[in-house]
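Breakdown of the fold
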Amino acid sequence: MKEKLSQIMDSALEQIEKSGGLDKLNDIRVAFLGKKGELTSVLKAMKDVAPEDRPKVGQMVNEARAKIEAKLEEKKTAFEKALREEKMKAEVIDVTLPGRKMEMGHRHPNTITLEEVEKIFIGMGYEVVEGPEVEYDYYNFEALNIPANHPAKDEQDTFYINDKILLRTQTSSVQVHEMEKGKLPIRMISPGRVFRSDDVDATHSPSFHQIEGLVIDKNVTFADLKGTLEQFAKQLFGEETRVKFRPHHFPFTEPSAEMDVTCFKCGGKGCRFCKGEGWIEILGCGMVHPHVFEMSGIDPEEYKGFAFGVGLERIALLKYEIDDMRLLYENDKRFLDQF
Ligand code: DAH
């Protein structure tokens, strides 16, 4: 028995000494000290030992166990230490290296411009609302007094999804959604993306942004339209800005106009920036057409309103003196970092 025990112990200690890693150590622990391990089987064989010898054999088994455990522990500590050292070596940090600069992004010039426009109108008590980009023909054209076969429909090259559904060509569609809600008065602006089947060049893109405006109340007049849009222009381009309204035609407003602002480069004298004109066109506007009211269930005798539509990119290009609209979409950091 004694011999067997010391054999087991020697074999265990030798295997531990030679073992190549933590996994192996665990295998050895199981093989010798586990439930079915060699040392355990010795304990199980105790019943064959003469009763008077049992305490002695028991003590020997315990000693062998303690030795093997101590050796296992010693080896484990050594392995762990070696592992730690290896890891430390692999993770050396060169504290003399210069740090990596964190680059902060910032808002896109379109967004900066939009937020400025929103601030101006919110300051005048307007609500900011949104409408769908995928739209029914009815909201984009029909309900805005542009029936099928109307020539105005041809002016806007449209992306059709099917006969009745399209990508909106103008944010004016949101006017109809707001009127249909049936809550009056209305004082809203609605910024958003619009789509036209145009080729890309310095002033065109198949997708750009507009900001629609709509005010409906009793006793709203063209004077309100003029006063509001003049105030808007002055806040956006500077107090010295003057505005001019030219008669125009939009199917959903009557009368309709386009508004020009004095060139903020030359103050109206005429320069290269305004192509010698002194004036720059910035938006379309007009009094809501009675037929548009009727189609959305509003009595044109009781209510009046004005509407306007501004091209967001157009304003951003003017404000920041950018001469090519494509720059706004290319996401070139060298360009964007300037704002
Ligand atoms: N939707 C027009 C366009 O895309 C712009 C416009 C003109 C909007 C006059 C209006 C308006 O609300 O009254 O050309």
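Here, the structure is the one placed above.
Residues numbered from 1 in each chain as written. Predicted model: local features only at pLDDT ≥ 70, side-chain atom pairs only at ≥ 80, totals over all residues. Heavy atoms only, no water.

**Re the pairing of strand E9 (residues 304–311)**
Defined as follows: Should DSSP find at least two bridges between two strands, the strands are taken to pair. Here a strand is any run of E in DSSP of at least two residues, a helix any run of H or I of at least four, and the numbering for each starts at the N terminus.
Here strand E5 (residues 207–217) pairs with E9 via eight bridges, running antiparallel. Looking at E9, one finds that Asp217 is bridged to Lys304. Here five bridges tie strand E8 (residues 279–288) to E9, and the two strands are oriented antiparallel to one another. The residue bridging Leu283 from the neighbouring strand is Val310, located in E9.

**Focus: the pattern of salt bridges**
Applicable threshold: When a carboxyl oxygen of Asp or Glu lies within 4 Å of a side-chain nitrogen of Lys or Arg, that pair is called a salt bridge. Buried, partly exposed and exposed residues are distinguished by accessible area as a fraction of the type maximum, computed with a 1.4 Å probe on protein chains only: under 20%, between the cut-offs, and over 50%, respectively.
What the rule picks out here adds up to 18 salt bridges. Where Arg107 meets Glu115, a salt bridge forms, and the shortest distance between an N and an O atom there is 2.1 Å. You can call Arg107 partly exposed: its relative accessible area is 43%. Classification of Glu115 as partly exposed rests on a relative accessible area of 35%. A salt bridge links Arg246 to Glu258; its shortest N-O distance comes to 3.2 Å. One end of the pair, Arg246, is in strand E6 (residues 243–250); the other, Glu258, is in strand E7 (residues 253–262), with 12 residues separating them in the sequence. Glu258 sits in the buried class, given a relative accessible area of 12%. One continuous salt-bridge network, built from bridges that share partners, spans Glu17, Lys71, Glu74 and Lys75.

**A look at the site of the ligand**
The following threshold applies: Residues are counted as near a molecule or strand when any one of their heavy atoms sits within 4 Å of it. Here a polar contact is recorded for every N or O atom pair within 3.5 Å, except that within protein the pair must consist of a potential hydrogen donor and a potential acceptor, and residues adjacent in sequence are included only if both atoms are side-chain atoms. Accessible surface area values rest on a Shrake-Rupley calculation with a 1.4 Å probe, where residue burial reflects the displayed protein chains alone.
Taken together, 15 residues surround the ligand, and among them Gln170, Ser172, Arg196, Gln210 and Glu212 come closest. Contacts to the ligand include Arg196, whose side-chain N or O atom sits 2.9 Å from an oxygen atom. Burial of the ligand by the surrounding chains reaches 90%, relative to a free accessible area of 360 Å². Where the shell around the ligand is concerned, the elements lending two or more residues are E5, E8 and E9.

Treat this as a map of the structure, not an account of what it does.
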